[in-house]
Amino acid sequence: LIVPAAGAFCAPAAKTRAACAEAGVEVIAKDVLMGGLVATKYLGVAATSLAAPSLAAARGTPAFEPLRRILASPGGWDAHARALKELDAAGVGNVETAAVACFLEMDMRVVVTTSLDDAPAFEALEAFLPPRLRAPEPDADDAGVPAEAGAEAGAEAGDAPEEASPDETEAETSPPDPVPSKLDAARRAWDEAYGAAEAGTVAA
């Protein structure tokens, strides 16, 4: 399922992602860098700055339609600037890398428009890849002593296996509490900047 990146973190999109996960359908976020508007070069650029892009200058480029939507949204360019600030504050590479990581961490593939003349402005960091896309972990045999060897050594020494207490057993079977991500604030700022305008395009 292909969804617009701008609305990928709104409430309707969360329901859509959950339904896709249950059905085994992959979610792909398109135009993650919004035609180049999600970029380090626009970090700290105010709407009134000469460095801010204009529709006239963007006409005929991949940035035109994303910029039109940003300027027409309730938060305008200022909300876009806050999203860029939060992406930078996450400390996950540059703004572009952090933006891509926001989607990868939520088990989405991404479509990014980049220049054919320059190297991509982002990295796909393995730490944020979905588990199914990460490099496989080395086997126990590769780490040195096989797991069975440790068990046999304990048996030879006469060590009796310890029985787990009921509390320990419950702790092992209970799902762990979700760990806060350093990108959570960036995703909230992203949704505040673009989610309201795109919510209807990603509803299940």
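Above this text you will find the structure in question.
Reading the values: the criteria
Residues numbered from 1 in each chain as written. Predicted model: local features only at pLDDT ≥ 70, side-chain atom pairs only at ≥ 80, totals over all residues. Heavy atoms only, no water. Helix = DSSP H or I, 4+ residues; strand = E, 2+ residues; numbered from the N terminus. Buried < 20%, exposed > 50% of the residue type's maximum accessible area, 1.4 Å probe, protein only. Contact = heavy atoms within 4.5 Å. Pairing = 2+ DSSP bridges. Axes fitted to C-alpha atoms, helices over the stretch in contact; angles between N-to-C directions. Salt bridge = Lys/Arg side-chain N within 4 Å of Asp/Glu carboxyl O. Parallel < 35°, antiparallel > 145°, perpendicular 65-115°, else oblique. Nonpolar A, V, L, I, M, F, W, Y, C, P; charged D, E, K, R; others polar.

S.K.: Help me out: how do you make sense of the overall build of the chain in this one?
M.R.: Counting its regular elements, the chain contains 8 helices and 3 strands. When the elements of the chain are put in sequence order from the N terminus, they spell out β-α-β-α-α-α-α-β-α-α-α. Counting across all 204 residues of the chain, residues that qualify as buried make up 33%. Considering only contacts in the chain between residues 6 or more positions apart, those separated by 24 or more positions represent 76%.

S.K.: Honestly, the sheet that holds strand β3 (residues 109-111) in this entry has me stumped. Any pointers?
M.R.: Note on sheets: strands pair through backbone hydrogen bonds, and any given pair is parallel or antiparallel. What the 3 strands build is an open sheet, ordered β1-β2-β3; its pairing is parallel. Looking at strand neighbours, the two that pair on one side only are β1 (2-4) and β3, the edges of this open sheet. The sheet shows a mean angle of 30° between the axes of neighbouring strands, direction not considered. Where β1 lies against strand β2 (residues 28-30), 3 bridges are found, and the strand directions are parallel. Its bridge partner being in β2, Pro-4 is matched across the sheet by Lys-30.

S.K.: Teacher, can you tell me more about the pattern of salt bridges here?
M.R.: Opposite charge on two side chains allows them to pair when their charged atoms are near. Summed over all chains, the structure comprises 4 salt bridges. Put simply, Asp-184 and Arg-187 hold a salt bridge, and the shortest N to O gap is 3.1 Å. With Asp-184 and Arg-187 both in helix α8 (residues 184-198), this residue pair falls 3 residues apart, about one helical turn. A relative accessible area of 27% means that Asp-184 is categorised as partly exposed. Overall, the relative accessible area of 8% leaves Arg-187 in the buried class. Salt bridges sharing common partners tie together Glu-105, Asp-184 and Arg-187.

S.K.: What exactly am I supposed to notice about the packing of helix α3 (residues 64-72) against helix α4 (residues 76-89) here?
M.R.: Packed helices, taken two at a time, are described by the angle between their axes plus the distance between the axes. It is at 6 Å that the axes of α3 and α4 come closest, and there the two elements cross at 110°. It follows that α3 is roughly perpendicular to α4 by the angle criterion. Contact residues: Leu-67, Ile-70 and Leu-71 in α3; Gly-76, Trp-77 and His-80 in α4. Taken together, the residues that form the contact of α3 with α4 break down as 4 nonpolar, 2 polar and no charged.

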